[in-house]
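Given next are the chains, with one letter for each unit.
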Amino acid sequence: MFKVARLAKIKEIILDRGQIDVNTLSSLLNVSDVTIRSDLEELEKDKFIQRSHGGAVLNEDYIKQQDFQKTLLGGKLEYDKNKEYIGQIASELVSDGEWIFIGQGSTCYYVAKELVKKETLNVLTNNLYAAVVLSQNKKANIIVTGGTLMNSDLFLSGDMFLKVLDSIFISKAFMGVTGVDFKGGYTVSDYLERNVYDKIKEISKELIIVADATKFDKTSFLSIGPLTMPDIVITNESVPKSYKEYFFNNGVKIFTSYKITRSSIRGEI
Amino acid sequence: MSTAILRLENVSKNFQNVDALSDINVEFHSGNVTALIGGNGAGKSTLIKVISGAFQISQGKIYYNGEEVHFKSPYDSKNFGIIVCSQEIQLFNELTIAENIYLGNETLEKDIFLNLKNTEKKVEEILKKLNMDLDIHRKVKHLSLAEKFLIQFARALLSNPKILIIDELIDILTQIECNMVYEIINELKSKNVAVIFITHKIEEAIKFADNILVMREGRIIETIETKYADKETIKNDILGQDLKEHFPKLTVKKGEELLKITNISNRFLNNISFSLRRGEILGIAGLVGSGRTSLLKAIVGLDKVSNGEIMISSEHKNGKKAKTHSNIGFMSESRDIQGFFPSLSIGQNVTIRNLKKISKYHILNPKLEMMKSKDVLDRIGIKCDCYNGNISFLSGGNRQKILVARNVFSKCNIYVFDEPTKGIDIAGKVEIYNIINELIRRGAGIILVSSDFTELAGMCDRVLVIKKGSMSGELMREEITQASLFTIFSDN
């Protein structure tokens, strides 16, 4: 077993049991005590464990801190390749200098993640995950709306949110939804989310819905509008053909992702 | 009015669930000239092919002199005096002019023997009428495209048509030649022949026809008597709603130059120059016979260039001129004939352009082939059985995608599409457009030839206008609309 793999395995075991002694580890991983000791030494340097006589104990404070940082940086969101593709297309649609809004939801987080790479950026957002990610771009103008924090998904809504947006105008708004369906149109799970939509529709020139393929043919609690509501829909290649046809015929631009890589085009690295 | 010589009742035609014609009701009368007008893809050519029996109708009835008929082939309809002069040149290159013209309409002696003297006399008469001073014993292959077209027209005239159908006059004809054709149409009219001609040019329709049929999206939108015809109304009928904004157009930053073409000429082309950059979609608009396909052929190396230079920029940097155009992926208009190896599996069709990639010591590795072709097909959104799958079971959209996959597999950076969405349903079109988006996002350059003006308007950053083998204009993104392109080609 390589060292890296072994360290990962040891971490896994300690996370599981809370503490462990050297002998058990060496027999579990089938390596000598000496090797295990040097591994543990390294893990202690990383503050992952505290060594004790003949074994190691999980450093719980450290783990808590890590957890907290992860939450802030969106580590709680599961990595999703399909959403990443959507984010890439979305970032192509943003031109220099225009003001955009990034709404709630994990797909919007991926939009923000791609936008970080842009040179100039003016963003208004109610999505705290997005705000944190965007803060990595030091030159960007980021404004976070006020409002009531929705703990579950770290976004802002409520009366204060609505007040802040008075007399603000935006050129493009990127919004996520919970379901997209012929019958229900676009659906979200509660009233507070719908309030955000109603306001954003009012103040933005172009409404862009970002929804990965898993959202299609699904409905949630509240409808926020028919399928023809947005100007643009960004999704994945695998959405049912009937949606592609419907959007095209009804003048909603539909962008879908493909997986052609940069390296498969000659001369591009 | 007398009974119509030809009447179509509720005729529909669809291909793989795409409606090419729906609910056509129309009648044609002897001694009457009808102009069939409409944008590209409106269904004009399909209508003609349905009448001539080249296509079988999916629904409806066709009556000839009041009796229902079923034409199984153009040969059937020819026996009723329905003659089509098509836009594509259908001549035998190795036969002489005379033979090409009288083929099928020979003057016979005792019903068997060719009376060459009489036949050739007739041929000469017709050519004289067409102001063509040609040696009728020359082989057709030496003629120009315009001459070939007129030879075809002469052949149609010699068959004594009762209904003469003329598909659009090819772009290469001069004004004088066009007028001559119309004069002959007038003469036929006085001989009680029913004439139907397709055109793009509203003025010509008004000038030479008695009735104008306006087609759009496979339907007859309007039937107008020429005396009441108004140019603007007809134009609006033809164009319909502008769908430019329906297209998923992604504008990406343009990168370095990929291709530079300087003053190329050959027998179809005259002094054409342009360049293509990474991230750009360059459209080429032209009518049939304008040289648009010839231009593509010259670019991709299928046709010789007598003058000028085609430079593939990446190779140019090394000071070497490209011998084979390994950077260019060409996706032909006739996908099935020029694109595929039907006897090979889907996977093999993908890898065929770059076998090096799947071989070791010059020996093909089938396992590797399957793995790699599966990977690239997956990237382009096709789920299929690479190894046992047969191309013929795939839809038009998926076939087009396989051609793209082949070129992606061999790392092309210039993608040349000739009519990329012809015969493909709407969802399939959306997919092709998004694949094009993906290609430019990843740094490719696109050349797109299409006779669908909405498609050009919807997708292109720039459109070059080709007329009679020369570049006659260039439109930028904001200027390209269905209407502006239509106007360029409908006005002289």
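Residues numbered from 1 in each chain as written. Chains lettered and ligands numbered in written order. Predicted model: local features only at pLDDT ≥ 70, side-chain atom pairs only at ≥ 80, totals over all residues.

## Thoughts on the overall build of chain A
Tallying secondary structure elements over chain A gives 10 helices and 15 strands in all. Relative to the compact-globule value of 18 Å for 269 residues, chain A shows a C-alpha radius of gyration of 23 Å, a clear excess of over 25%. For chain A, the spread of C-alpha atoms along the principal axes amounts to about 70 × 45 × 40 Å. The burial tally for chain A puts 36% of its 269 residues in the buried class. (Helix = DSSP H or I, 4+ residues; strand = E, 2+ residues; numbered from the N terminus. Rg over C-alpha atoms; globule rule 2.2 N^0.38 Å. Buried ≥ 20, exposed ≤ 12 C-beta atoms within 10 Å, placed from the backbone.)

## Concerning the domain arrangement of chain A
Annotation of chain A at the domain level lists domain 1 (3-63) and domain 2 (76-259). Spacing between the C-alpha centres of domain 1 of chain A and domain 2 of chain A amounts to 43 Å. (Domains from an automatic or database assignment.)

## A short note on the interface of chain A and chain B
With 22 residues of chain A at the interface, the matching set in chain B holds 27 residues. Elements represented by at least two residues in the side of chain A that touches chain B include exactly α10 (241-249) and β15 (253-257) of chain A. Residue composition of the side of chain A that touches chain B, by class: 6 nonpolar, 6 polar and 10 charged. (Contact = placed C-beta atoms within 7 Å. Nonpolar A, V, L, I, M, F, W, Y, C, P; charged D, E, K, R; others polar.)

## Observations regarding the packing of helix α14 (residues 396-409) of chain B against helix α15 (residues 426-441) of chain B
All names here are of chain B. Close contact between α14 and α15 brings their axes to 9 Å; oriented N to C, the two are set at 15°. With respect to each other, α14 and α15 are oriented roughly parallel. Helix-helix and strand crossings are classified by hand; for α14 and α15 the assignment is left-handed. Taking contact as the criterion, the partners of G396, G397, Q400, K401 and V404 in α14 are, on α15, G428, E431, I432 and I435. Residue composition of the contact of α14 with α15, by class: 3 nonpolar, 4 polar and 2 charged. (Axes fitted to C-alpha atoms, helices over the stretch in contact; angles between N-to-C directions. Parallel < 35°, antiparallel > 145°, perpendicular 65-115°, else oblique. Left-handed = near helix turned anticlockwise from the far one by under 90°.)

## Description of the pairing of strand β20 (residues 414-418) of chain B
Residue and element names in this part refer to chain B. Across the 5 residues that make up β20, a large majority, 5, are buried. Where burial is concerned, the two faces of β20 agree: the one with I414, V416 and D418 and the one with Y415 and F417 are both buried. As defined by bridge partners, strand β17 (residues 328-331) adjoins β20 across 4 bridges and the pair is classed as parallel. Among the inter-strand pairings, M331 is bridged to a residue of β20, identified as F417. Sheet analysis places β20 next to strand β21 (residues 445-449), joined by 5 bridges and oriented parallel. In the sheet register, V416 faces β21, and the bridge partner there is I447. Read from β20 through α15 to β21, the crossover connection turns out right-handed. (Pairing = 2+ DSSP bridges. Right-handed = clockwise from strand over helix to strand, strands pointing away.)

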